Each structure stands twice: as C-alpha cells, then as structure tokens.
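# Secondary and tertiary structure notes
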Amino acid sequence: MAGKSAAVRTEREESGKRAVPRARSVEASASNLDRLIHERTRLAIISALAVNSSLAFNELKQLVRATDGNLSVHARKLEEAGYLTCTKSFAGRLPKTEYRISAAGRRALEKYLNHMEALIQATREG
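Residues numbered from 1 in each chain as written. Predicted model: local features only at pLDDT ≥ 70, side-chain atom pairs only at ≥ 80, totals over all residues. Heavy atoms only, no water.

Summarising the sheet, strand E1 (residues 55-56) and strand E3 (residues 94-101) pair through 2 bridges and their orientation is antiparallel. Paired with Leu55 across the strands is Tyr99, a residue of E3. As judged from the 8 bridges shared by strand E2 (residues 84-91) and E3, these two strands associate in the antiparallel manner. Within the sheet, the bridge partner assigned to Thr85 lies in E3 and is Arg100. In this structure, the hairpin formed by E2 and E3 is closed by a connection of 2 residues, where Gly92 is found at a positive phi of approximately 70°. (Pairing = 2+ DSSP bridges. Helix = DSSP H or I, 4+ residues; strand = E, 2+ residues; numbered from the N terminus.)

Right, let's get into helix H6 (residues 68-80). Owing to its 3.6 residues per turn, the α-helix aligns residues three or four sequence positions apart on the same side. Helix length check: H6 (13 residues) gives 18 Å between terminal C-alpha atoms against 18 Å at 1.5 Å per residue, within 8%. Of all the residues in H6, the buried ones are Leu71, His74, Ala75 and Leu78. Within H6, the buried residues cover an arc of 100° as seen down the axis, which keeps them to one side. Among the structural elements, helix H3 (35-38), helix H4 (40-50), helix H5 (57-64), E2 and E3 are those in contact with the buried residues of H6. Just past H6, the residue Gly82 takes up positive phi, approximately 85°. (Expected span 1.5 Å × (residues − 1). Buried < 20%, exposed > 50% of the residue type's maximum accessible area, 1.4 Å probe, protein only. Arc of directions from axis to C-beta. Contact = heavy atoms within 4.5 Å.)

This paragraph deals with the sheet that holds E1. What the 3 strands build is an open sheet, ordered E1-E3-E2; its pairing is antiparallel. Pairing within the sheet leaves two strands with one partner each, and these edge strands are E1 and E2.

For the rest of this paragraph, the subject is the packing of H5 against H6. For the pair H5 and H6, interaxial distance at closest approach is 10 Å and the crossing angle is 100°. One element, H5, and the other, H6, form an angle in the roughly perpendicular class. Along the contact surface, H5 presents Phe57, Leu60, Lys61 and Val64, while H6 presents Asp68, Leu71 and Ser72. Considered class by class, the residues forming the contact of H5 with H6 number 4 nonpolar, 1 polar and 2 charged. (Axes fitted to C-alpha atoms, helices over the stretch in contact; angles between N-to-C directions. Parallel < 35°, antiparallel > 145°, perpendicular 65-115°, else oblique. Nonpolar A, V, L, I, M, F, W, Y, C, P; charged D, E, K, R; others polar.)

Shown next, in the form of structure tokens:
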C-alpha cells in the first residue's frame, strides 16, 4: 500500500495538479440520478409505459411483478411528479384504471437513461 501511495504522490507532483480520483467524479455524478425513477419498481413502471401506449392496472402489475398496494403507491408517486397519467373508468360494472406516460415522464426517463449511459461509459473508461 505504501508503494502505491508514493506512486500517486509522484504522479501528482510531476503533473503539478491536484489529482481527483475518477471514482469520486463518477460517484458524484451517480448521486445526481433522478431518485424518483431510479427506484426499481418505478423504473419498471415508467419503462413499461414508455414502450406501450397505455396499460391497465392489472397488465402493469403483471409486467412489473408488483402487488396491488405496491403498484398503487409507486404509480401515485410518479403521477404526483407528473411522469404519468392515471385514468379511472368503468367497463360495465368493473372499475378500470389505465396508465400512460406523460411528456414530462418521457423527458425524465430520457434524461435518466442518458445519465446512466454516461456513468457506464465513465466506468468503462476508468
């Protein structure tokens, strides 16, 4: 370990600049992720809606493998953020809940994906 520290010090002294570890810049960038989308269930919901024009509650529940309560809570958080819309209606006597991704949700997902791609690229280059 001491040999490695000396090598780092030597590199810093030779360059005349303060070396910033690459891991820190990637870590700092990772902390800027959209935490609302980054959570597994919400990412699954927004991703499923991005590739489908709309999904009924039970279709979405099956796709993301969530319980009724879990899906409801996560979908509500995304709806409150304006990332998806929820339409409730009746098909005969049966209630029907349908979800669609909003324009803001599509932009947020695109930004999130771009951010993740940049992190992956920085990690591969590191």
